[in-house]
Each structure stands twice: as C-alpha cells, then as structure tokens.
Amino acid sequence: MPKTIHQGRNVKRFREMFGMKQDVFADKLGEDWSQKKVSLLEAKEEIDDTLLEQVAKILKVPAEAIKNFDEDAAINIVSSTLHDNAGSINNACTLTFNPVDKWIEAMEEIKRLNAALIKEKDEKIALLERLLNDKKK
C-alpha cells in the first residue's frame, strides 16, 4: 500500500522552516483566515489544489514540493548515505556531524539574516520619514 503524504503537515514544516508564525501566515492568506483556521489547514491530510497553489505561492515553494515531500524518505536517504560511508571521500574518512543539527543551524542562520533585513528595512523607512518631515518644514 503506497504511503500517503500529509500535505497539511508539509505546509507546517515549510512555514516553520521560513520562521513564519501561523497568525502571520493567516494574514497573508486573506481576511477570512485566522490562526485557528491555519491550524486546521495544517491538520488536513489533503488540501484542495487551488488553496495549495495559494499556500505554495505565499511560502515561495512549488506546490509539488508540498504534495510530494516525504520526511521519512528524506531521513532514510540521509541515514543510509551516512551509515554506508557514501558521503565520505574514502573509507578512512567518515562524517562526524548530525545532519539534523546542520539543518537547524541553517534555519537559525536564515532567521538571523531575515532579522537583519527587517532591521535594515525599518532603518530605511525611519530615514525616509525623517527626510519627508524635514522637507515639509
């Protein structure tokens, strides 16, 4: 029996990878959305194609990624690659890092960069507001 991909869970994973809270995601989906409605969406095994396209656009990922991402398969691939030394240059060299830790580090770096971009944007807005106020005087 083929394994079903839980699309709602995948939406949650992608949303969390980009550091987006449910209420922010709800705002991007539209006025009739709330944090609770996003929570219900993330609990759905299958999502209507039209809504899935909208969600994918907001998350800036292909809808197919949400439809087809299988975390268990990804973990199995990474795990089997590490255990048979396929990732090493030669048999004397084995990997000594946890791929999950590397993924978490990458997500933290993305969050840090996003915070820096937001701070820079806020500073530019403040500067423009000061310039406009000075011009009005």
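Residues numbered from 1 in each chain as written. Predicted model: local features only at pLDDT ≥ 70, side-chain atom pairs only at ≥ 80, totals over all residues. Heavy atoms only, no water.

Engineer: An account of the overall build of the protein chain is requested, with residue identities and associated values reported.
Structural biologist: Summing up its helical and strand segments, the protein chain has 7 helices and 0 strands in all. Reading the secondary structure of the protein chain in the N-to-C direction produces α-α-α-α-α-α-α. Counting all 137 residues of the protein chain, 21% fall into the buried class. For the protein chain, the exposed area adds up to about 10400 Å²; of that, 56% sits on carbon and sulfur atoms. (Helix = DSSP H or I, 4+ residues; strand = E, 2+ residues; numbered from the N terminus. Buried < 20%, exposed > 50% of the residue type's maximum accessible area, 1.4 Å probe, protein only. Areas by Shrake-Rupley, 256 points an atom, 1.4 Å probe, with all protein chains shown as cover.)

Engineer: Give a detailed account of the environment of Ile 66, specifying residues and quantitative values.
Structural biologist: Counting through the fold element by element, Ile 66 comes out in helix α5 (residues 63–68). Residue class for Ile 66 comes out buried when judged on its relative accessible area of 0%. Sequence separation between Ile 66 and Ile 5 is 61 residues; the distance between their C-alpha atoms is 8.8 Å. Setting aside anything within four residues of it in sequence, one finds Ile 66 in contact with Ile 5, Gln 7, Asn 10, Val 11, Phe 14, Leu 52, Val 55, Ala 56, Leu 59 and Val 61. (Contact = heavy atoms within 4.5 Å.)

Engineer: Could you give an account of the packing of aromatic side chains, naming the residues involved and the relevant values?
Structural biologist: Summed over the entire model, instances satisfying the criterion amount to 0 aromatic pairs. In this arrangement the basic side chain of Lys 37 is found over the ring face of Trp 33, its NZ or CZ atom lying 4.5 Å from the centre. (Phe/Tyr/Trp six-rings, centres within 6.5 Å; stacked < 30°, edge-to-face > 60°. Lys NZ or Arg CZ within 6 Å of the ring centre and 35° of its normal.)

Engineer: Residues and numbers for the packing of helix α2 (residues 22–29) against helix α4 (residues 49–59), please.
Structural biologist: The contact between α2 and α4 brings their axes to 10 Å, and the two run at 115°. Relative to α4, the crossing made by α2 is right-handed. When α2 is examined against α4, the residues Phe 25, Lys 28 and Leu 29 are found in contact with a partner set consisting of Leu 51, Gln 54, Val 55, Ile 58 and Leu 59. (Axes fitted to C-alpha atoms, helices over the stretch in contact; angles between N-to-C directions. Left-handed = near helix turned anticlockwise from the far one by under 90°.)

Engineer: Describe the pattern of salt bridges, with residues and values.
Structural biologist: Scanning the model with the defined rule gives 9 salt bridges in all. With a closest N to O distance of 3.9 Å, Arg 15 and Glu 16 form a salt bridge. Judged by relative accessible area, Arg 15 falls into the buried class, the value being 5%. Residue Lys 67 pairs with Glu 64 through a salt bridge whose shortest N-O separation is 3.9 Å. Of this pair, Lys 67 and Glu 64 both sit in helix α5, 3 residues apart, which is roughly one turn of the helix. Note on Glu 64: relative accessible area 46%, which makes it partly exposed. (Salt bridge = Lys/Arg side-chain N within 4 Å of Asp/Glu carboxyl O.)

Engineer: I'd like to hear about the nonpolar core, residue by residue, with values.
Structural biologist: Membership of the largest hydrophobic core comes to 21 residues, with the highest contact counts inside it found for Val 11, Phe 25, Leu 29, Leu 41, Val 55, Leu 59 and Ile 66. Every element with two or more residues in this core is listed here: α1 (7–17), α2, α3 (35–43), α4 and α5. Here this core gets 6 residues from one element, more than from any other, and that element is α4. In this view, Phe 25 contacts Val 11, Arg 15, Met 20, Val 38, Leu 41, Val 55, Ile 58 and Leu 59; residues no more than four positions away in its chain are not counted. (Core = buried A, V, L, I, M, F, W, Y, C linked by side-chain atoms within 4.5 Å.)

Engineer: Run through the side chain of Arg 15, naming residues and quoting values.
Structural biologist: Relative to the assigned elements, Arg 15 resides in helix α1. For Arg 15, the residues in contact, after removing those within four places along its chain, are Met 20, Lys 21, Gln 22, Phe 25, Glu 42 and Leu 59.

Engineer: Give a detailed account of the confidence of the model for the protein chain, specifying residues and quantitative values.
Structural biologist: The predicted model of the protein chain averages 81 in pLDDT, with 77% of residues at 70 or higher. In this model, residues 86–90 is a region of pLDDT below 50 whose contacts with residues beyond four sequence positions or in other chains number 5 contacts. (pLDDT = per-residue confidence, 0-100.)

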